[in-house]
Amino acid sequence: MGRVTENVHGLRKEERMEQYAIQGGNPLVGEVEIGGAKNAALPIIAASVMTDETVHIENLPDVRDTNVLLEAMQDIGVLVNRSGRHKVTINAARINNLVVDGDNIRKIRASYYFLGAMLAKYKSAEVALPGGCDIGCRAIDQHIKGFRALGAEVKIEYGLIKAHAERLRGNHIYMDVVSVGATINIMMVAALAEGQTIIENAAKEPHVVDLANFLNSMGANIKGAGTDVIRIKGVTGLHGSDYAIIPDQIEAGTFMFAAAITKGDITVKNVIPKHLESITAKLLEIGCEIEESDDAVRVVAAKPLRPTQVKTLPYPGFPTDMQPQITVALALSRGTSIVTESIFENRFKYVDELTRMGADIKVEGNTAIVNGVAKYTGARINAPDLRAGAALVMAALAAEGVSTVEEIHYIERGYEDFHLKLQALGAQIEKVSSDRDMQKFRLKTG
Ligand code: UD1
């Protein structure tokens, strides 16, 4: 099995060569509890360094990306205390290094949130250029444009982005593209800049709103988050906070599509149904039944799936992070669907893997023409990135026969206990790391 070690602060360092072994064919049925949003947790963790006071964060997802970010903070002298699996206390009063360049940090995209957070507080930050999933060219020009508009000098040297400022002053900033990351980074810097900043064409994603709420809970003055114009009045300092992260929209959406793909009946609990509207709308279009309550959504897939058209768009449009999951469902529908990816240009890499399971999909540029097939069959497949990895696991759960999914470290970047949550819904899925484990799995699942 993979080695799991713990450092002094209780953060898990994991090295593994594990795979998922999956025996498909069971409809997934039952309830699943959704965790805190990874994409909200990452900027909130980074923004915790913007005060010298202690910040308590709850509903933190225990996934690799958040753990890597917390470790990177410890490397520069931030005190991080995990008081439970989903709770962390952060104190950044004694940061001793404004250069964030550890080995781990280069692997995750959200490392660039340290730029905004540290530039805001210390007027200086140097951070390794971001990595993350290889889903297309992931430019950072809008982040740089925003930092410069607020008075920083920014340069890229020796693999680091370096931002320094004498003074940070509010400005009127028009974003050329709707960018979650750039909106968040600019919001952090503007929160501690002098005067007012207006961000036009801002991203409206729930995690942008969550970060604004978190910063406001620390004493910032941010209005309009969740609309495309955000107004920020700079304040001179921020204080500590107790904050609970919102539920993960994409984890919830993934399990909702797991119901559709496996012809199951799943209730996702601890969600904000409003954040799931574009996902719910598509599930209804393809023939699923939906029941909504205040903090749960039930998806029942009793009828054959119908084809549809879908185009990924910034929130409140259909999320790019749900594109592989809906494609896996549509490839099992009765008819032809068109899936258009308008956010990232390289997000159909998983289609080759799905084809090996029997899917009939033709990709032309940013469009996939998906001809529904009656079933998938088990195969040995690779997770090419986080969301596509999760989608391929769901394809394997619907497939006839046994599959293995490799490179599951991608999936663990963003899904906590993915296979355990699936097991609780009746999935036959296990982590294996040797031929012996695989034999045992085959014997057990027959
Ligand atoms: C975030 C999410 C990711 C999600 C994406 C879109 C995190 C950690 N990641 O990524 O899961 O898929 O939003 O919802 O929250 N762009 C530029 N210049 C820039 C920045 C972005 O041209 O400076 C372009 C990108 O190439 C892309 C589009 O804008 O085509 C959207 O990217 P962005 O919203 O910034 O995505 P991320 O914040 O990286």
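Residues numbered from 1 in each chain as written. Predicted model: local features only at pLDDT ≥ 70, side-chain atom pairs only at ≥ 80, totals over all residues. Heavy atoms only, no water.

Regarding the sheet that holds strand β23 (residues 367-371)
Selection criterion: Whether two strands pair comes down to DSSP finding at least two bridges between them. A helix here means a DSSP run of H or I that spans at least four residues, while a strand means a run of E at least two residues long, and both kinds are numbered starting from the N terminus. Lines are fitted to the C-alpha atoms to define the axes, a helix being fitted only along its stretch in contact, and any angle between axes, read from their N-to-C directions, falls within 0 to 180 degrees. Only heavy atoms enter the contact rule, under which two residues are in contact if any of them lie within 4.5 Å.
With mixed pairing, 4 strands are arranged side by side in an open sheet as β20-β21-β23-β22. The sheet is open, and its two edges are formed by β20 (309-311) and β22 (360-364), each paired on a single side. Across the sheet, the mean angle separating the axes of adjacent strands is 15° when strand polarity is ignored. Against the sheet, helix α9 (residues 323-330) engages β20, β21 (336-340), β22 and β23, with an angle of about 170° to β21.

Examining the site of the ligand
Selection criterion: Nearness is defined per residue: one heavy atom within 4 Å of the molecule or strand is enough. By the criterion applied in these results, polar contacts are pairs of N or O atoms within 3.5 Å in which, for protein atoms, one can donate a hydrogen and the other can accept it, and in which residues neighboring in sequence qualify only through two side-chain atoms. Here the accessible surface of atoms and residues is derived via Shrake-Rupley with a 1.4 Å probe, and residues count as covered only by protein chains that are part of the display.
Around the ligand lies a shell of 21 residues, among which Gln-142, Ser-179, Val-180, Asp-321 and Ile-343 are the nearest. Ser-179 is positioned with one of its side-chain polar atoms (N or O) 2.6 Å from an oxygen atom of the ligand. Between the ligand and the protein, one listed contact pairs an oxygen atom with a backbone N or O atom of Val-180 at 2.7 Å. In isolation the ligand exposes 740 Å². Once the protein is present, 87% of that is buried.

Brief notes about helix α2 (residues 64-75)
Note the following rule: To estimate the expected span of a helix, subtract one from its residue number and multiply by 1.5 Å. Here's how the labels work: a residue is buried when its accessible area is under 20% of the maximum for its type, exposed when over 50%, partly exposed in between, all with a 1.4 Å probe on protein chains only.
Taking 1.5 Å per residue as the helical rise, α2 with its 12 residues ought to reach 16 Å, and the 16 Å between its terminal C-alpha atoms agrees with that figure. Among the 12 residues of α2, 10 are classified as buried, and the element is accordingly described as predominantly covered. Listed in full, the buried residues belonging to α2 are Asp-65, Thr-66, Asn-67, Val-68, Leu-69, Leu-70, Glu-71, Ala-72, Met-73 and Gln-74. Gly-77, located one to two residues past α2, shows a positive phi value of around 100°.

Some details on the confidence of the model for the chain
As a reminder, the rule being used: Confidence of the predictor in every single residue is expressed as pLDDT, which spans 0 to 100.
Residues at a pLDDT of 70 or more form 94% of the chain, whose mean pLDDT is 93. Contacts from residues 1-16, a stretch scored under 50 in pLDDT, to residues over four places away or in other chains number 35 contacts.

Section: the packing of aromatic side chains
Here the distance between the centres and the angle between the planes together describe a pair of aromatic rings. Using the following cut-off: Two rings from Phe, Tyr or Trp (for Trp, the six-membered ring) form a pair when their centres are within 6.5 Å of each other. A pair whose planes differ by under 30 degrees is stacked, one over 60 is edge-to-face, and the rest are tilted.
A complete count under the given rule lists 6 aromatic pairs for this structure. Relative to Phe-418, the ring of Tyr-415 has its centre 4.7 Å away and its plane inclined at 40°; by these criteria the two rings are tilted. Given the relative accessible area of 2%, Tyr-415 is considered buried. Among the residues examined, Phe-418 registers a relative accessible area of 2% and is labelled buried. The structure contains a cluster of three or more aromatic residues connected by ring pairs, namely Phe-255, Tyr-415 and Phe-418.

Side note on the side chain of Lys-162
Following the sequence through the fold, Lys-162 ends up in strand β11 (residues 160-164). A relative accessible area of 12% means that Lys-162 is categorised as buried. Not counting residues up to four positions away in its chain, the partners in contact with Lys-162 are Ala-125, Glu-126, Glu-153, Val-154, Lys-155 and Glu-157.

Section: the sheet that holds strand β5 (residues 55-58)
The sheet built from 4 strands is open, its strands ordered β6-β7-β5-β16 with mixed pairing. Here the strands that pair on one side only, and so sit at the sheet edges, are β6 (79-84) and β16 (241-244). Averaged over all pairs of adjacent strands, the angle between strand axes in this sheet comes to 15°, irrespective of strand direction. The pairing of β6 with strand β7 (residues 87-91) spans 5 bridges and is antiparallel. Residue pairing across strands places Gly-84 opposite Lys-87, the latter belonging to β7. Lying on the sheet, helix α6 (residues 206-217) is in contact with β5 and β16; it crosses β16 at an angle near 160°.

As for the packing of helix α7 (residues 249-262) against helix α11 (residues 386-398)
For the record, the criterion: Any angle between 65 and 115 degrees counts as roughly perpendicular, while under 35 counts as roughly parallel, over 145 as roughly antiparallel, and the rest as oblique. Should the near helix be turned anticlockwise from the far one by less than a right angle, the crossing is left-handed, and should it be turned clockwise, the crossing is right-handed. For this scheme, ten residues count as nonpolar: Ala, Val, Leu, Ile, Met, Phe, Trp, Tyr, Cys and Pro. Four count as charged, namely Asp, Glu, Lys and Arg, and the remainder, Gly too, count as polar.
Remark: α7 packs on α11, axes separated minimally by 9 Å, with the N-to-C direction vectors making an angle of 25°. Overall, the two elements α7 and α11 adopt an arrangement that is roughly parallel. Between α7 and α11 lies a crossing of right-handed hand. Residue-level inspection shows Ile-250, Thr-254, Phe-257, Ala-258, Ile-261 and Thr-262 of α7 in contact with α11, the latter providing Arg-387, Ala-390, Met-394, Ala-395, Leu-397 and Ala-398. Split into classes, the residues belonging to the contact of α7 with α11 amount to 9 nonpolar, 2 polar and 1 charged.

Some details on empty space enclosed by the protein
The gaps of empty space that remain are located by a probe, the size of a water molecule, rolled over the atoms. In plain terms, the rule: Here a cavity is any set of points on a 1 Å grid over the protein atoms alone where a 1.4 Å probe fits but cannot get out, and a pocket is any open set with protein on both sides within 12 Å along at least 5 of 7 lines; a residue lines the site when it has an atom within 4 Å of a point. Grid points are joined across faces, edges and corners, and a volume is the space filled by probe spheres set on the points.
Scanning the model with the defined rule gives 4 cavities of 30 Å³ or more in all. Of the volumes computed, that of the largest cavity is approximately 70 Å³. Taken together, Ala-37, Asn-39, Pro-206, His-207, Ile-246, Pro-247, Asp-248, Gln-249, Ile-250, His-275 and Arg-387 make up the full set of residues lining the largest cavity. Those elements that provide at least two residues to the lining of the largest cavity are α6 and α7. Across the lining of the largest cavity, the residue classes tally to 5 nonpolar, 4 polar and 2 charged. The volume enclosed by the second largest cavity comes to roughly 50 Å³. Contributing to the lining of the second largest cavity are Gly-35, Gly-36, Lys-38, Pro-61, Val-63, Asp-248, Glu-251, Gly-414 and Glu-416.

Quick notes on the pattern of salt bridges
The following threshold applies: Salt-bridge detection follows one rule: a side-chain nitrogen of Lys or Arg within 4 Å of a carboxyl oxygen of Asp or Glu.
Per the stated rule, a full pass over the model turns up 27 salt bridges. Salt-bridge contacts for Arg-167 lead to Glu-194; the nearest nitrogen and oxygen are separated by 2.5 Å. Separated by 27 residues along the polypeptide, Arg-167 in the loop between β11 and β12 (172-174) and Glu-194 in the loop between α5 (180-191) and β13 (196-200) bring together distant segments of the chain.

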